[in-house]
Amino acid sequence: MSNWISESLRKIEADSQRSADTHLFKLSIPRLKHVDIYLKDESTHPTGSLKHRLARSLFLYALCNGKLTDTTTIIEASSGSTAVSEAYFAQMIGLPFIAVMPRSTAQRKIDEIALYSGKCHFVDKATDMHGAAVKLAAETGGYFMDQFKYAERATDWRGNNNIAESIFAQMKLEPHPIPHSIVMSAGTGGTSATLGRYIRYQGHDTQLVVVDPENSVFYDGYTRKDPDLTIQASSRIEGIGRPRVEKSFQPDVIDKMMQVPDLASVATIHWLERLIGRKAGASTGTNLWGALQLAEQLMRQKQDASIVTLLCDSGTRYLDTYYNPDWVAENLGDITPYSDQLNRWC
Ligand SMILES: *Cc1c(COP(=O)(O)O)cnc(C)c1O
């Protein structure tokens, strides 16, 4: 193995060594009896989202598979948090990084990628991203990270401090240490794959519930067992929901799926801010709405239990959108009916 590869692996491991684990918050919801809800706060990673874990895993995967040298250009199809996190790791090991993204991507994201010396390659439509990334990799002799294909296999799902192992360790001293359910949404599907595999491997009595927003085919692909479904529309909840069933999405480790209206997701992050004083991205709203629906069922059955879900990224990234009432009214509609439902909890 080249010195450059071993030195790069050391740098990435050192970044992890310097990091603290992410916090597991216990929510205090006055009218929710018998059921405890926990939120694992992935916004505190150095690059601000759970994609920090994915980017680290994808770089380790590529390095250990012998795909990278000290001159390889890294390419990814992403207009979101994956590009930010990958730019961070590319800079760390001294490789150029190019994110392929739609021309319409917000300037704020382009700036975040540029902060880590990453460059952007623009295409006209989101559906052109994958093809353009493959082509760019061929032209530059670069390496296409391909998050939607490799997310599920790049993560060490049996352990090695993956998110699942961390959740079960952090729950150890809680009243109900083995969660009744873990609720997660899907973008690449990589996180739900890791959670589902780990639950099975450890033999835990926990169900994996995957929540899906509007304009996404994961739910229909799952219920109809059709991996070839596609739609034209694109998800309005950043980070989750896809127009095709991505390769990384692993339906067979999921126990149950639920659909969540986009307005419910957004109402939930505003309600969460009133509860804990923190802003979260809209995918966290999707997760927490799903967790609350399950909690309500368990409460009616008088079943004592815990439910764990994820705070995927901070809402400070979305001040112009999900936290701007005019934007919400214009792009999504009226959240009041969902806010009224949530306000029954506290
Ligand atoms: C990627 C992402 C998700 C979904 O995680 P996957 O492991 O890709 O399924 C959820 N929320 C946000 C903000 C994300 O960036």
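Remember, predicted model here, so these are calculated numbers, not experimental data. (Residues numbered from 1 in each chain as written. Predicted model: local features only at pLDDT ≥ 70, side-chain atom pairs only at ≥ 80, totals over all residues. Heavy atoms only, no water.)

Before we go on, may I ask you to explain the overall build of the chain in this structure?
Along the backbone of the chain there are 13 helices and ten strands. Rg of the C-alpha trace for the chain: 20 Å, near the compact-globule value of 20 Å for 346 residues, within the 12% margin. With the principal axes as the frame, the chain shows a C-alpha extent of 60 × 45 × 40 Å. Counting every position in the chain, which comprises 346 residues, the buried fraction comes to 56%. Taking the intrachain contacts of the chain between residues at least 6 apart in sequence as the baseline, contacts between residues at least 24 apart amount to 74%. Summed over its atoms, the accessible surface of the chain is roughly 15200 Å², and 48% of this surface lies on carbon and sulfur atoms. Here the chain contributes 37 positive and 40 negative side-chain charges, whose respective centroids are spaced 2 Å apart. (Helix = DSSP H or I, 4+ residues; strand = E, 2+ residues; numbered from the N terminus. Rg over C-alpha atoms; globule rule 2.2 N^0.38 Å. Buried < 20%, exposed > 50% of the residue type's maximum accessible area, 1.4 Å probe, protein only. Contact = heavy atoms within 4.5 Å. Areas by Shrake-Rupley, 256 points an atom, 1.4 Å probe, with all protein chains shown as cover. Lys, Arg positive; Asp, Glu negative; His and termini not counted. Charge placed at Lys NZ, Arg CZ, Asp CG, Glu CD.)

Looking at this structure, I do not really get the environment of Ala-114. What am I missing?
Following the sequence through the fold, Ala-114 ends up in helix α4 (residues 107–115). In this structure, the C-alpha to C-alpha distance between Ala-114 and Leu-68, residues 46 residues apart in sequence, is 22 Å.

Would you explain the environment of Pro-243 in this entry?
Take Pro-243: it is sitting in the loop between α9 (218–223) and β9 (256–259). In this structure Pro-243 comes out as partly exposed when scored by relative accessible area, which is 23%. In sequence terms Pro-243 and Pro-175 are 68 residues apart; their C-alpha atoms lie 40 Å from each other. Excluding residues that lie within four positions of it along the chain, Pro-243 makes contacts with Val-217, Leu-229, Thr-230, Ile-231 and Ala-233.

Please explain the pattern of salt bridges as it appears in this structure.
If the charged atoms of two oppositely charged side chains come close together, the side chains can form a pair. One pass over the full model with this rule turns up 24 salt bridges. Between Arg-53 and Glu-42 there is a salt bridge whose closest N-O contact spans 2.6 Å. In this pair, Arg-53 is assigned in helix α2 (residues 51–64) and Glu-42 in the loop between β2 (35–41) and α2, connecting sequence segments eleven residues apart. Glu-42 matches Arg-53 in its accessibility class, with the two residues each being buried. (Salt bridge = Lys/Arg side-chain N within 4 Å of Asp/Glu carboxyl O.)

When you look at the sheet that holds strand β3 (residues 74–77) in this model, what are you seeing that I'm missing?
For sheets, the rule is that strands pair by backbone hydrogen bonds, running either parallel or antiparallel. Pairing is parallel in the open sheet, where four strands are placed in the order β5-β4-β3-β6. Of all the strands in the sheet, just β5 (119–123) and β6 (143–144) have a single pairing partner and so form its edges. Sitting on the sheet, helix α3 (residues 81–92) is in contact with β3 and β4 (97–102), with an inclination near 170° to β4. (Pairing = 2+ DSSP bridges. Axes fitted to C-alpha atoms, helices over the stretch in contact; angles between N-to-C directions.)

Mind showing me how you'd approach the site of the ligand here?
Neighbouring the ligand are 16 residues, the closest being Lys-51, Gly-187, Thr-188, Thr-191 and Ser-283. Within the backbone of Gly-187, a nitrogen or oxygen atom sits 2.7 Å from an oxygen atom of the ligand. A distance of 2.8 Å separates an oxygen atom of the ligand from a polar atom in the backbone of Gly-189. Its residues placed into classes, the shell around the ligand shows five nonpolar, eight polar and three charged. (Near = heavy atom within 4 Å. Polar contact = N/O pair within 3.5 Å; in protein donor to acceptor, adjacent residues only side chain to side chain. Nonpolar A, V, L, I, M, F, W, Y, C, P; charged D, E, K, R; others polar.)

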